[in-house]
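An overview of the molecular structure
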Amino acid sequence: MHFADVKGILTGRDGQYGMNIYRGCTHGCIYCDSRSRCYQFTHPFEDIEVKQNAPQLLEAALKSKRKKCMIATGSMSDPYMHCEEQLRLTRKCLELILKYGFGAAVQTKSDRILQDIDLLDAINRESKCVVQMTLTAYDDALCSIIEPHVCSTGRRIEVLEEMRRRGIPVIVWMTPLLPFIDDTRQNVTAILNACVQTGVKGIICFGMGLTLREGSREYYYAALDRHFPGMKEAYIQRYQNAYEIPSPDAAGLMKLFRMFCEEHGIMYQPKECFAFIRQFPEKYRQISLFDFA
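Heads up: these notes are all about the structure in this document. (Residues numbered from 1 in each chain as written. Predicted model: local features only at pLDDT ≥ 70, side-chain atom pairs only at ≥ 80, totals over all residues. Heavy atoms only, no water.)

Taking 1.5 Å of rise per residue, 12 residues should cover 16 Å, and helix 8 (residues 216–227) covers 17 Å from first to last C-alpha, within 8% of that figure. Every buried residue of helix 8 is accounted for by Ser 216, Arg 217, Tyr 220, Tyr 221, Ala 223 and Leu 224. Within helix 8, the buried residues cover an arc of 160° as seen down the axis, which keeps them to one side. Residues of helix 8 that are buried make contact with strand 11 (209–211) and helix 9 (231–239). (Helix = DSSP H or I, 4+ residues; strand = E, 2+ residues; numbered from the N terminus. Expected span 1.5 Å × (residues − 1). Buried < 20%, exposed > 50% of the residue type's maximum accessible area, 1.4 Å probe, protein only. Arc of directions from axis to C-beta. Contact = heavy atoms within 4.5 Å.)

Rendered as structure tokens:
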């Protein structure tokens, strides 16, 4: 990893702000879109750029905002990568979010989020905290192949159970699902049952499949050659150089997904899920004259 001072940390407007404290990732997920050349990395993807002045920039930004809102992190780089174990920059930023009365929406695949459960709990009590967790392969052996340097799906489900016990709402990202690998009804149903078991608020699924761009495609195909011999050729024959790579059973899987979520009262429309994540709660009660009696 290497360290950098950056000019700004928050992006967005109109009360919707996000931040990436790190740039790059060490999880090694074979399908990662963030590797794509369109994001113009000037350093190797695993050589994490640490935005070492992120807490100072965040504090200055939060001080200047008149209206409280949700602050999201994790859209491009997981805030709980291996380096967070030592650097604790995510924790420092969460402390500031709590201090200044904002809400937090944290997206991760890692059980390291539990090292900050005290802060997440406090933020959720004071305003609102939403945890977003990716679940793609229910089988832990398969998970170790497609997401090799991060905790297993089984462990992530344990994390979601802890969030349920604490009343912290969870949105699951059930995406991507890899054609011919984990795009089975058995896998999808197992993940959905785990979501019901842990009481998740919503599930985001952008269709059943994945997307491949220049840069991420080459990395993905190299991983297919290592772990699934002959699979790359099947992809090339079926999809050629397409950006969208839908499962052959995409329509049936989406029907299963929608019916399951409707049956169990789980949000599944992406717009609805994102609206929930972004919505900052009103004050729980108005100040009363009796408060000063």
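Within strand 8 (residues 129–134), six of the six residues are buried, leaving the element largely enclosed by the surrounding structure. Side-chain alternation along strand 8 places Cys 129, Val 131 and Met 133 on one buried face and Val 130, Gln 132 and Thr 134 on a second face that is also buried. Of the pairings in the sheet, the one linking strand 7 (residues 103–108) to strand 8 comprises five bridges and is parallel in character. For Ala 104, the partnering residue across the bridge sits in strand 8 and is Cys 129. Taken together, strand 7, helix 4 (residues 117–126) and strand 8 constitute a β-α-β crossover, and its handedness is right-handed. (Pairing = 2+ DSSP bridges. Right-handed = clockwise from strand over helix to strand, strands pointing away.)

This part is about the state of the cysteines. Here a disulfide denotes one covalent bond, and it connects the sulfur atoms of two cysteines. Inspection of every chain in the model, using the stated rule, returns zero disulfides. Here Cys 32 is not cross-linked by a disulfide; its sulfur's nearest cysteine counterpart is in Cys 25, at 6.2 Å. Given the relative accessible area of 17%, Cys 32 is considered buried. Summary of cysteine pairing: Cys 83 is not part of a disulfide, and the nearest cysteine sulfur, belonging to Cys 25, is at 8.8 Å. (Disulfide = S-S within 2.5 Å.)

Looking now at the packing of helix 1 (residues 54–64) against helix 3 (residues 89–99). If you want to describe how two helices pack, look at the angle between their axes and the distance between the axes. Running from amino to carboxyl end, helix 1 crosses helix 3 at an angle of 15°, the nearest separation of the two axes being 9 Å. Comparing their axes, helix 3 and helix 1 come out roughly parallel. Crossing hand, helix 1 versus helix 3: right-handed. Within the contact between the two elements, helix 1 uses Ala 54, Pro 55, Leu 58, Glu 59 and Leu 62 and helix 3 uses Leu 89, Lys 92, Cys 93, Leu 96, Ile 97 and Lys 99. Of the residues that constitute the contact of helix 1 with helix 3, the class distribution is eight nonpolar, no polar and three charged. (Axes fitted to C-alpha atoms, helices over the stretch in contact; angles between N-to-C directions. Parallel < 35°, antiparallel > 145°, perpendicular 65-115°, else oblique. Left-handed = near helix turned anticlockwise from the far one by under 90°. Nonpolar A, V, L, I, M, F, W, Y, C, P; charged D, E, K, R; others polar.)

It is worth spelling out the sheet that holds strand 9 (residues 170–173) at this point. Two orientations exist for strands paired in a sheet by backbone hydrogen bonds: parallel and antiparallel. Read across the sheet, seven strands follow the order 2-3-6-7-8-9-10 without closing on themselves; strand pairing throughout is mixed. The sheet terminates laterally at strand 2 (11–13) and strand 10 (202–204), the two strands that pair on one side only. For this sheet the average axis-to-axis angle between neighbouring strands, irrespective of direction, equals 20°. Contacting strand 7 and strand 8, helix 4 crosses the sheet at an angle of about 130° to strand 8.

We now examine the packing of aromatic side chains. Within a pair of aromatic rings, the relevant descriptors are the distance that separates the centres and the angle that separates the planes. Evaluation of the coordinates by the stated rule reveals 10 aromatic pairs. Taking the centre distance of 5.2 Å and the plane angle of 65° together, the rings of Phe 41 and Phe 45 count as edge-to-face. By relative accessible area, which is 22% here, Phe 41 ends up partly exposed. For Phe 45, a relative accessible area of 10% corresponds to the buried category. Grouped by ring-pair contacts, the aromatic residues Phe 180, Tyr 220, Tyr 221, Tyr 235 and Tyr 239 constitute a single cluster. Taking the ring centre of Phe 276 as reference, the NZ or CZ of Lys 128 above it sits at 4.1 Å. (Phe/Tyr/Trp six-rings, centres within 6.5 Å; stacked < 30°, edge-to-face > 60°. Lys NZ or Arg CZ within 6 Å of the ring centre and 35° of its normal.)

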